[in-house]
Amino acid sequence: MASATASKLLLTATADFLSSSTCSLRHRRALAVSASRYPRIAPFPQDLVGWVKREGGFVHPKLKIADGGEYGLTLVASEDIPRGSRLVALPERLTLRLRWSQDDDCADRPDSPLSQLVKRVPGTVGNEMGLKLLQERAKTGSLWWPYISNLPEAFDIPIFFSGEDIKTYSMLLLFISFKHAFSIPYQVNKRCRFLLAFEKDVKSVLEDVDPGDHPFSGQDVNASSLGWAMSAVSSRAFRLRCKTPQDGSGADVPVLLPLIDMCNHSFNPNAVIVEEKDNQKLLVVSKTSIETDVPVTLNYGSLTNDFFLLDYGFVISSNPHDHVELKYDGVLLDAAAIAAGVPSPSFSSPTEWQREILSSSIYMEMELFSSVSLKMLRPLTSALLVQVNLGGEEKVDGRLLAAFRAVLSDDREAAQKSDLSTLMSLSAEAPWEPQLRHFPTKIMEDESILKGDISESTRLAVEFRLQKKLMIVDLMRELTRRVKVLPKEAFLNR
Ligand SMILES: C[S@@+](CC[C@H](N)C(=O)[O-])C[C@H]1O[C@@H](n2cnc3c(N)ncnc32)[C@H](O)[C@@H]1O
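This is a predicted model, so every value here is computed, not measured.

Caption draft 1: Examining the overall build of the protein chain more closely. Counting its regular elements, the protein chain contains 16 helices and 13 strands. Every one of the 494 residues in the protein chain was classed for burial, and the buried ones make up 52%. Counted over contacts in the protein chain with a minimum sequence separation of 6, partners at least 24 positions apart contribute 71%.

Caption draft 2: Looking closely at the pattern of salt bridges. Summed over the entire model, instances satisfying the criterion amount to 14 salt bridges. Between Arg97 and Glu92 there is a salt bridge, and its shortest N-O distance comes to 3.2 Å. You can call Glu92 partly exposed: its relative accessible area is 21%. Notably, a salt bridge pairs Lys132 with Asp108, separated by 2.9 Å at the nearest N-O pair.

Caption draft 3: Examining the site of the ligand more closely. Within the structure, the ligand sits among 14 residues, and Arg40, Tyr71, Leu73, Asn264 and Tyr312 are positioned closest to it. Leu73 is positioned such that a nitrogen or oxygen atom in its backbone is 2.7 Å from an oxygen atom of the ligand. Tyr312 has a polar backbone atom sitting 2.6 Å from an oxygen atom of the ligand. In isolation the ligand has 560 Å² of accessible area, and contact with the protein removes 88% of it. Of all the secondary structure elements, the ones that give two or more residues to the shell around the ligand are α7 (223–236) and β7 (264–265). Grouping the constituent residues of the shell around the ligand by class yields 7 nonpolar, 4 polar and 3 charged.

Caption draft 4: Quick peek at the environment of Phe194. As for its position among the elements, Phe194 is in helix α6 (residues 184–207). Owing to a relative accessible area of 31%, Phe194 belongs among the partly exposed residues under this scheme. In this structure the C-alpha to C-alpha distance between Phe194 and Ala223, which are 29 residues apart in sequence, comes to 9.0 Å.

Caption draft 5: Focus on the environment of Leu298. For Leu298, the location among the structural elements is in strand β10 (residues 297–298). Setting aside residues up to four positions removed in sequence, Leu298 forms contacts with Phe238, Ile260, Cys263, Asn264, His265, Ser266, Pro269, Ala271, Val272, Ile273 and Val284.

Caption draft 6: View of the packing of aromatic side chains. This structure, assessed with the given rule, holds 9 aromatic pairs. Here Trp51 and Trp144 contribute two aromatic rings whose centre-to-centre distance is 6.1 Å and whose plane-to-plane angle is 65°, an arrangement assigned as edge-to-face. Residue Trp51 is found in helix α1 (residues 48–54), and its partner Trp144 is found in the loop between α3 (125–138) and α4 (145–148); the two are separated by 93 residues along the sequence. One exposure class covers both Trp51 and Trp144, and it is buried. Geometrically, the ring pair formed by Tyr300 and Phe314 is edge-to-face, given 6.4 Å between the ring centres and 65° between the ring planes. In this pair, Tyr300 is assigned in the loop between β10 and α8 (305–312) and Phe314 in the loop between α8 and β11 (323–327), connecting sequence segments 14 residues apart. Tyr300 sits in the partly exposed class, given a relative accessible area of 22%. Linked through ring pairs, Phe267, Tyr300, Phe308, Tyr312 and Phe314 together constitute an aromatic cluster. The ring centre of Trp228 lies 4.3 Å from the NZ or CZ of Arg137, which sits over that ring.

What counts as what
- Residues numbered from 1 in each chain as written.
- Predicted model: local features only at pLDDT ≥ 70, side-chain atom pairs only at ≥ 80, totals over all residues.
- Heavy atoms only, no water.
- Helix = DSSP H or I, 4+ residues; strand = E, 2+ residues; numbered from the N terminus.
- Buried < 20%, exposed > 50% of the residue type's maximum accessible area, 1.4 Å probe, protein only.
- Contact = heavy atoms within 4.5 Å.
- Salt bridge = Lys/Arg side-chain N within 4 Å of Asp/Glu carboxyl O.
- Near = heavy atom within 4 Å.
- Polar contact = N/O pair within 3.5 Å; in protein donor to acceptor, adjacent residues only side chain to side chain.
- Areas by Shrake-Rupley, 256 points an atom, 1.4 Å probe, with all protein chains shown as cover.
- Nonpolar A, V, L, I, M, F, W, Y, C, P; charged D, E, K, R; others polar.
- Phe/Tyr/Trp six-rings, centres within 6.5 Å; stacked < 30°, edge-to-face > 60°.
- Lys NZ or Arg CZ within 6 Å of the ring centre and 35° of its normal.

By themselves these figures say nothing about function.
This is the structure we're talking about:
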């Protein structure tokens with residue numbers, strides 16, 4: 001049963017838009033003293049395990065919620081659990097999602113104030129889910145209060161970081177033309193601006209609403225409380241395929257799964273989520289045996305550190321899925337190639353035949369990666385402004401190699417014939433290697449910053465930057481290694 005205080009807690013965070021080159025939203029912490037190291041919405045939240053069991057869910061008797069160190073809270077084995085065990089089972093009614101139905105008691109009415117709000121405010125399904133969560137947080141007597149009272153009071157993700165910390169990410173931009181749209185400051189700025197616009201839209205709709213129909217029980221909402229809700233969804237919701245038309249006919253929708261969302265991430269998880277079709281339950285099942293005191297982990301997905309940072313507020317060391325996006329910038333590549341001692345680089349002014357090969361190679365590669373029509377790509381490729389990836393599973397984007405094949409050759413036939421493995425040799429000539437020297441701080445400096453007494457947000461920013469550098473250094477080593485095994489005649493005619 002929700003306490004009356006539940007409805008008063010919506011506004012513990014307030015917006016403070018910083019008008020610097022980047023913008024961020026600042027938390028104002030609740031004045032209540034929290035009993036936990038990881039403050040939760042309620043200073044003394046309800047027993048989540050007990051609530052799930054009482055409401056018809058199942059929790060393995062050897063599981064408990066525990067302190068997961070820097071990972072926050074976690075679900076942990078209190079004794080050894082064998083492989084293939086059912087760890088948690090949640091009935092459909094304990095999954096928190098947006099569903100519109102006139103008859104279903106667990107769903108929201110299509111004519112409800114929340115539905116009116118969702119219809120009138122533009123946003124994604126994630127934002128709609130955030131509004132639903134805020135509504136339940138504000139509602140006295142909400143079924144979900146025992147779950148919501150256990151949610152973090154604040155999220156350590158970049159939209160809440162200071163302008164100073166965001167500048168740490170801007171420095172990465174100095175490193176060879178990072179694709180701007182994927183840079184952290186750009187994303188933070190975009191998200192903050194969205195939240196401020198969202199606040200305006202929501203407030204303007206709420207102005208006309210009768211107090212009795214207010215979706216947030218009469219409480220004000222602002223960019224920061226909306227930011228809290230969106231962050232809760234981005235860092236905790238699972239995307240599940242919906243089955244009924246009310247759910248959104250087959251689309252993937254964000255769903256909050258109480259208790260299951262206490263599992264932290266691992267690329268090598270010891271548990272998986274499965275759907276039990278007959279009983280309409282969601283299960284977490286152990287994939288391996290889990291020893292005493294070992295946390296139950298799930299795989300959140302093959303994400304880059306950029307996504308982990310922006311949506312979840314953490315960074316994975318040696319993340320095999322991490323990559324950087326670079327702009328194919330001829331002038332910059334020429335400068336880098338000269339510095340690396342590549343004779344007569346002509347990235348910025350290819351000859352007509354080089355340009356032709358370049359366009360066709362890029363078309364080919366792009367066709368593989370994209371469903372966009374070639375017509376749309378033409379202006380992009382003819383201007384030689386393409387984005388390429390370094391890192392991830394493929395290590396080097398074939399499009400960049402194709403560009404090198406054309407541009408670093410002075411022999412049309414040889415350029416057309418050479419294969420991708422030959423092209424790897426060109427990378428060792430390092431048109432990008434000297435860029436490493438342009439990192440504003442060296443790897444060791446970052447490592448020593450991390451050993452110092454720094455805030456959580458600075459730690460994350462520096463860790464993110466360090467991981468990108470390590471990834472690029474690793475890539476350089478791999479390329480150099482490949483060149484060494486290539487026969488001499490494999491090098492292009494230059
Ligand atoms: C779904 S919640 C997991 C429960 C969470 N630890 C808590 O205290 O409520 C996801 C959050 O847990 C933390 N987390 C999960 N996996 C992590 C990991 N591998 N490294 C660092 N933090 C992690 C991050 O704060 C992330 O936003």
